[in-house]
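# Secondary and tertiary structure notes
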Number of protein chains: 6
Amino acid sequence: MRRALFIGRFQPFHNGHLHALRYILERFDEAVIAVAAAQYNYTADNPFTAGERVEMIKLGLGDLYSRCYVIPVDNISNNYLWPLHLLSYVPRVDTVFSNNRFVQELFKILGLETVETPVLPGVSDTMVRRLMAEDGDWESLVPSSVAEFIKRINGVERVGGLLKLSVRVQGERF
Amino acid sequence: MRRALFIGRFQPFHNGHLHALRYILERFDEAVIAVAAAQYNYTADNPFTAGERVEMIKLGLGDLYSRCYVIPVDNISNNYLWPLHLLSYVPRVDTVFSNNRFVQELFKILGLETVETPVLPGVSDTMVRRLMAEDGDWESLVPSSVAEFIKRINGVERVGGLLKLSVRVQGERF
Amino acid sequence: MRRALFIGRFQPFHNGHLHALRYILERFDEAVIAVAAAQYNYTADNPFTAGERVEMIKLGLGDLYSRCYVIPVDNISNNYLWPLHLLSYVPRVDTVFSNNRFVQELFKILGLETVETPVLPGVSDTMVRRLMAEDGDWESLVPSSVAEFIKRINGVERVGGLLKLSVRVQGERF
Amino acid sequence: MRRALFIGRFQPFHNGHLHALRYILERFDEAVIAVAAAQYNYTADNPFTAGERVEMIKLGLGDLYSRCYVIPVDNISNNYLWPLHLLSYVPRVDTVFSNNRFVQELFKILGLETVETPVLPGVSDTMVRRLMAEDGDWESLVPSSVAEFIKRINGVERVGGLLKLSVRVQGERF
Amino acid sequence: MRRALFIGRFQPFHNGHLHALRYILERFDEAVIAVAAAQYNYTADNPFTAGERVEMIKLGLGDLYSRCYVIPVDNISNNYLWPLHLLSYVPRVDTVFSNNRFVQELFKILGLETVETPVLPGVSDTMVRRLMAEDGDWESLVPSSVAEFIKRINGVERVGGLLKLSVRVQGERF
Amino acid sequence: MRRALFIGRFQPFHNGHLHALRYILERFDEAVIAVAAAQYNYTADNPFTAGERVEMIKLGLGDLYSRCYVIPVDNISNNYLWPLHLLSYVPRVDTVFSNNRFVQELFKILGLETVETPVLPGVSDTMVRRLMAEDGDWESLVPSSVAEFIKRINGVERVGGLLKLSVRVQGERF
């Protein structure tokens, strides 16, 4: 049994994430999906709660879900400590996948090399949120089950509103 | 007995706040004044401590105080959770007053509709602090008892100094 | 204007607290009532939320309230730091009243001498909660407005249930 | 799509948990399994990390897993706030299952009624840990896949050692 | 340059600690002394502040100090994470010394074997504090410079008072 | 015995710090060096861990170390409380040295006047980090033992990489 870790904020879960997870699940028995920055929500960069993100990931994965764990993990202020903090909340993994340079750097502290996943060009969390705010075609960038979920919880209005207010962290607003 | 909640940072308490509270107290038996971001102080946006803000609010309210609660509440990083966190520190309320779009959005999560208060044009926390820093006429924007209090604790110098240093949060400065 | 600080957990507010506050308000212009351990609730020792405690204190004080502040303050793990932490949430005070030896010791660190209040024999938070759990005459130990409030929120059942479950802190239960 | 919430510490996951989850999954489309007290580990009451608990739950569920979420949630000190804190980390649920009186009480604060699950007599987290420490037959109380997992990570020795040291929380030991 | 880590709470620093450190400094170039549970003070088990403990350690070490680091480290609630948390606050070390079975167990998680130090029979933090409270001969168990320091800050009275009040953590007292 | 406090983040320790400490140690018996913002690391402004900073300070001090304490102190969000928080982690001091206007302001809250140290023109933490990132001559601005240490831990690459990623706090990155 070989298991891979895949880390993201999934704000929201999109086709690029699905593409990377398919790639991982062709090479590993199971994937652990860590939902980072779990304590943040209702901000411009983190509009969805951890629970909403977990729900959309299971929806987007479909049948692949039975080979995946989806686990929210809070951020902490000590970056050096963050990889082990994350690992204490997830099952043991053999390999860490990430295209994020900073994540790669931090895992090296523990002596763990990270591996990159193939990228779907033009799809990113930021891009999807911007298209939502600008009334653009965000739906084609996410699995249709995820698009339906987001519309059902009025997620498009939420993302647009938070971007307009530029709410970043609560302490700045009131 | 009907009770209303009024939320602000009160940095400092000014005539706009007093105006809103008079409006509320004409319609409700009691007002709960939540002093948000209570743990922050000595920053450009939050120059006064929670205790100083509580003291100036009671001064500014005068006789109205006997129908009010003034309660400091710390901010937390989970925005979704913030309204209930706040409610656990204050007496039960029937209505929530706020003109802040973000506060309105967050209270909707709990199924609570917020109501707007009339606004006194040209008066805001930010405006009062800017006038303090620029040696402008800030005193006419706050109750005279509050102005006296701020001068007694050398608040004008503090606000000016913090704005000049652009101290936002401590971690950024040293 | 001379102001005194009075510290307690007020689980619940009882005649002994009222007796001490009357004593203080004969000697000072204003009293600051700090509601300690504010973040704790629904435990055997801390059954009521900070908000409920604030509400019962205002009810119990009656007309005296207009000369009082009622302010919840969270506990922190650094005892040495606790008195100044508390002072940052309350208006400036001239004297600190407490019969608690530990509170007295901690305020000495700041060079602040505490003063004792007269005691009403046989009345304490613990005693009131025990009488509630044993179906005893707790009502005669608290102001009648407070008794009514506690009954309205089903506080007697809550206190009895929590004592039976011996819920102390959440981490111990599940 | 109807979804149920099931809350526990799963120290470790045993046949009683599996029994309850089978009952729930006969009545609901999906079950959300919240792993409470997630930040605690290597104590007498909480020997396993959140990640280890998640791993044993998926193992124990077998094919049922595809209809379940398994989500670690940290405890917080404000009990009143805990149910909504938990709900912010999990997908939306229709019903909350719990036989724990305290959990039932806390969810009532949010207006949510909890439902009880059938119980497997003589099986509990405490019982399994005690049998581990006393070299008793703990294996028959947990799914065989979970027993294998626990032996592979030397969990029996860990539980016995922590019980002998009576390590409860770290602050008490050194 | 070879460096060893030595962990304790040092409540207070006594001859047993000095004995162990002499043993370590005969075998290593430098010793890193981690003052654990740094955030706790003014409790029965942790009467002295981190700063006071650091001061008494330097006093007790005398000339050995120039080859030592003395570093306070807060406890955290995630035991699994604690060793790396501690290591992020201290210089890189080659070996970890500890006679505490729990500390040994936790460092094994990181793959780090701990080594035991020789013990001075009949000397422990608990014993010294008990002798202080019972007016016994605690002074012969600590370096004379440490005894003087403790008397200068009225430490004996503090330890006795806290043991009598059985103040363990602040949340339990008020 | 007279003791002075010197506060900094030491990202990294440079000749300006050494210059100030020599000045202080000519006037005081001992210096307490508080390493502020201790919990932050692997960010653009705080690239080095507390432990690495402590190690480089001892290296840079050479023989002066035997008269110094080097103590990491976490930042907290309540600025008013920060000076006493810091003081609870360090030995008692007679004088506080700082050229930082904000630090001076905060210590005044406790009634403590701070004293300025002479400055070495053109040397600052920011300048050293910028030269590292731009392949400039940073080595001449720090003690040679510190330069060697930084190169041995690949510190130059780390600082450059973090500046390029503009990693400020973790929550912003993923």
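Conventions we followed
Residues numbered from 1 in each chain as written. Chains lettered and ligands numbered in written order. Predicted model: local features only at pLDDT ≥ 70, side-chain atom pairs only at ≥ 80, totals over all residues. Heavy atoms only, no water. Pairing = 2+ DSSP bridges. Helix = DSSP H or I, 4+ residues; strand = E, 2+ residues; numbered from the N terminus. Contact = heavy atoms within 4.5 Å. Axes fitted to C-alpha atoms, helices over the stretch in contact; angles between N-to-C directions. Buried area = accessible area lost by both parts, 1.4 Å probe. Salt bridge = Lys/Arg side-chain N within 4 Å of Asp/Glu carboxyl O. Phe/Tyr/Trp six-rings, centres within 6.5 Å; stacked < 30°, edge-to-face > 60°. Buried < 20%, exposed > 50% of the residue type's maximum accessible area, 1.4 Å probe, protein only. Lys NZ or Arg CZ within 6 Å of the ring centre and 35° of its normal. Parallel < 35°, antiparallel > 145°, perpendicular 65-115°, else oblique. Left-handed = near helix turned anticlockwise from the far one by under 90°. Least-squares fit on C-alpha atoms with pLDDT ≥ 70 in both. Arc of directions from axis to C-beta. Polar contact = N/O pair within 3.5 Å; in protein donor to acceptor, adjacent residues only side chain to side chain. Nonpolar A, V, L, I, M, F, W, Y, C, P; charged D, E, K, R; others polar. Right-handed = clockwise from strand over helix to strand, strands pointing away. UniProt positions renumbered as here; feature names shortened; annotations may be inferred. Disulfide = S-S within 2.5 Å.

Right, let's talk about the sheet that holds strand S5 (residues 114–115) of chain D for a bit. With parallel pairing, five strands are arranged side by side in an open sheet as S3-S2-S1-S4-S5 (chain D). Among the strands making up the open sheet, the edge pair consists of strand S3 (68–72) and S5 of chain D. Bridge analysis of strand S4 (residues 95–97) of chain D against S5 of chain D gives two bridges, and the strand direction is parallel. Paired with valine 96 of chain D across the two strands is threonine 114 of chain D, which belongs to S5 of chain D. Contacts from helix H2 (residues 50–61) of chain A reach strand S1 (3–8), strand S2 (30–35) and S3 of chain D, with the element oriented near 145 degrees to S3 of chain D.

Our focus in this paragraph is the interface of chain D and chain A. Interface extent is often summarised as the accessible area lost during association of the parts. Contact with chain D, which involves 24 residues of that partner, is made by 23 residues of chain A. Summed over both partners, the interface of chain D with chain A comes to about 1,800 Å²; 52% of that surface belongs to carbon and sulfur atoms. For the chain D face of the interface with chain A, the top three residues by lost area are Glu55, Lys58 and Tyr89 of chain D, together amounting to 30%. Our count for the contact surface shared by chain D and chain A stands at four salt bridges. Measuring nitrogen to oxygen at the nearest pair gives 2.9 Å for the salt bridge that ties lysine 58 of chain A to glutamate 30 of chain D. Of all the secondary-structure elements, those providing two or more residues to the side of chain D that touches chain A are helix H2 (50–61) and S3 of chain D.

Before going further, it helps to examine the arrangement of the chains. At no point do chain A and chain C touch; the closest pair of C-alpha atoms across them sits 17 Å apart. With no contact between them, chain D and chain F keep their nearest C-alpha atoms 17 Å apart.

Right, let's get into the packing of aromatic side chains. A full pass over the atoms with the stated rule returns 36 aromatic pairs over all chains. Considering the side-chain rings of phenylalanine 28 of chain C and phenylalanine 97 of chain C, the 5.7 Å spacing of their centres and the 90 degrees angle between planes classify their relative orientation as edge-to-face. On the criterion of sequence distance, the pair formed by phenylalanine 28 of chain C in the loop between helix H1 (15–27) and strand S2 (30–35) and phenylalanine 97 of chain C in strand S4 (residues 95–97) is long-range, its members being 69 residues apart. Each member of the pair, phenylalanine 28 of chain C as well as phenylalanine 97 of chain C, is classed as buried. Ring geometry for phenylalanine 6 of chain F versus phenylalanine 10 of chain F: centroids 6.1 Å apart, planes at 55 degrees, classification tilted. Taking the relative accessible area as the measure of exposure, phenylalanine 6 of chain F reaches 7% and is therefore buried. When the ring centre of tyrosine 65 of chain C is taken as origin, the NZ or CZ atom of lysine 58 of chain C, which lies over that ring, is 4.7 Å away. A cation over an aromatic ring shows up here: lysine 58 of chain E above the ring of tyrosine 69 of chain F, its NZ or CZ 5.4 Å from the ring centre.

All names here are of chain C. It is the contact of helix H2 (residues 50–61) with helix H6 (residues 144–152), at a shortest axis distance of 8 Å, that shows an interaxial angle of 150 degrees. Classified by the angle between their axes, H2 and H6 sit roughly antiparallel to one another. Two packed elements cross with a definite hand, and for H2 against H6 that hand is right-handed. Of the residues in H6, those touching H2 at Glu52, Glu55, Met56, Leu59 and Gly60 are Ser145, Val146, Phe149, Ile150 and Arg152.

As a further point, take the relation of the copies chain D and chain A. The pair of chain copies shares a relation made of a rotation about an axis and a shift along it. Overlay of chain D on chain A (RMSD 0.0 Å): rotation 180 degrees, translation along the axis 0.0 Å. These values place the two chain copies in the arrangement generated by a two-fold rotation axis. Taking the C-alpha atom as reference, chain D places serine 66 of chain D closest to the rotation axis, 2.4 Å from it. Interface overlap between copies is the fraction of interface residues in one copy that are interface residues in the other; for chain D against chain A it reaches 96%, indicating a shared surface.

Rotating chain E by 120 degrees and translating it 0.0 Å along the rotation axis places it on chain C, where the RMSD comes to 0.0 Å. Expressed as a symmetry operation, the mapping of one chain copy onto the other fits a three-fold axis.

Residue and element names in this part refer to chain E. Looking only at helix H5 (residues 125–133), the buried set comprises Asp125, Val128, Arg129, Leu131 and Met132. Seen end-on, H5 carries its buried residues on one side only, within an arc spanning 160 degrees. Turning to H5, the residues buried within the fold contact helix H1 (15–27), helix H6 (144–152) and helix H7 (155–165). Just past H5, the residue aspartate 135 takes up positive phi, approximately 60 degrees.

Once that is clear, we can look at the interface of chain E and chain C. At the junction of the two partners, chain E supplies 14 residues and chain C supplies 19 residues. Of the roughly 1,400 Å² buried between chain E and chain C on both sides combined, carbon and sulfur atoms contribute 59%. In this assembly, chain E and chain C are joined by zero salt bridges. Between chain E and chain C we count four residue pairs in polar contact (both at pLDDT 80 or more) in total. Those elements that provide at least two residues to the side of chain E that touches chain C are H7 and helix H8 (170–173) of chain E. Across the side of chain E that touches chain C, the residue classes tally to six nonpolar, six polar and two charged.

Summed over all chains, the structure comprises 54 salt bridges over all chains. Between glutamate 139 of chain D and lysine 151 of chain D there is a salt bridge; the shortest N-O distance is 3.0 Å. In this pair, glutamate 139 of chain D is assigned in the loop between helix H5 (125–133) and helix H6 (144–152) and lysine 151 of chain D in helix H6, connecting sequence segments twelve residues apart. Using a relative accessible area of 40% as the deciding quantity, one classes lysine 151 of chain D as partly exposed. Across the salt bridge formed by arginine 129 of chain F and aspartate 45 of chain F, the nearest N and O atoms sit 3.7 Å from each other. Taken as a pair, arginine 129 of chain F in helix H5 (residues 125–133) and aspartate 45 of chain F in the loop between strand S2 (30–35) and helix H2 (50–61) lie far apart in primary sequence, 84 residues in all. Residue classification places aspartate 45 of chain F among the partly exposed positions, given a relative accessible area of 23%.

All names here are of chain B. A sheet is described by the order of its strands in space; here five strands give the open sequence S3-S2-S1-S4-S5, paired in parallel fashion. In this open sheet, the two strands that pair with only one neighbour each are strand S3 (68–72) and strand S5 (114–115). In the sheet, strand S1 (residues 3–8) pairs with strand S4 (residues 95–97) via three bridges, with the strands oriented parallel. Counted as the bridge partner of alanine 4 is threonine 95 from S4. Across the sheet, helix H4 (residues 101–109) is in contact with S1, S4 and S5; its angle to S1 comes to roughly 130 degrees.

The next subject is the pairing of S2 of chain F. All names here are of chain F. Among the six residues of S2, six are classified as buried, and the element is accordingly described as predominantly covered. Burial of the side chains of S2 extends over both faces: Glu30, Val32 and Ala34 are buried on one face and Ala31, Ile33 and Val35 on the other. Pairing analysis gives six bridges linking strand S1 (residues 3–8) to S2, with the strands arranged parallel. By the bridge assignment for S2, arginine 3 is matched with glutamate 30. After leaving S1, the chain enters helix H1 (residues 15–27) and then returns to the sheet as S2, a path that is right-handed. As judged from the five bridges shared by S2 and strand S3 (residues 68–72), these two strands associate in the parallel manner. In the sheet register, isoleucine 33 faces S3, and the bridge partner there is valine 70.

What follows concerns the pairing of S1 of chain D. Here S1 of chain D lies mainly inside the structure; six of its six residues are buried. The side-chain alternation of S1 of chain D yields two buried faces, one formed by Arg3, Leu5 and Ile7 of chain D and the other by Ala4, Phe6 and Gly8 of chain D.

Before going further, it helps to spend a moment on the environment of proline 47 of chain D. Along the polypeptide, proline 47 of chain D turns up in the loop between S2 and H2. C-alpha of proline 47 of chain D to C-alpha of valine 35 of chain D: the two residues are twelve residues apart in sequence and 13 Å apart in space.

The UniProt feature table records "domain: Cytidyltransferase-like" (unreviewed entry) at residues 5–129 of chain A. When the span residues 5–129 of chain A is considered, its composition is 36% helix and 16% strand, and the gap between its end C-alpha atoms is 25 Å.

What follows is about the state of the cysteines. One pass over the structure, following the stated rule, counts zero disulfides over all chains. Cysteine 68 of chain B carries a free sulfur, and the closest cysteine sulfur to it, the one in cysteine 68 of chain C, is 15 Å from it. Take cysteine 68 of chain B: its relative accessible area is 0%, and that puts it in the buried class.

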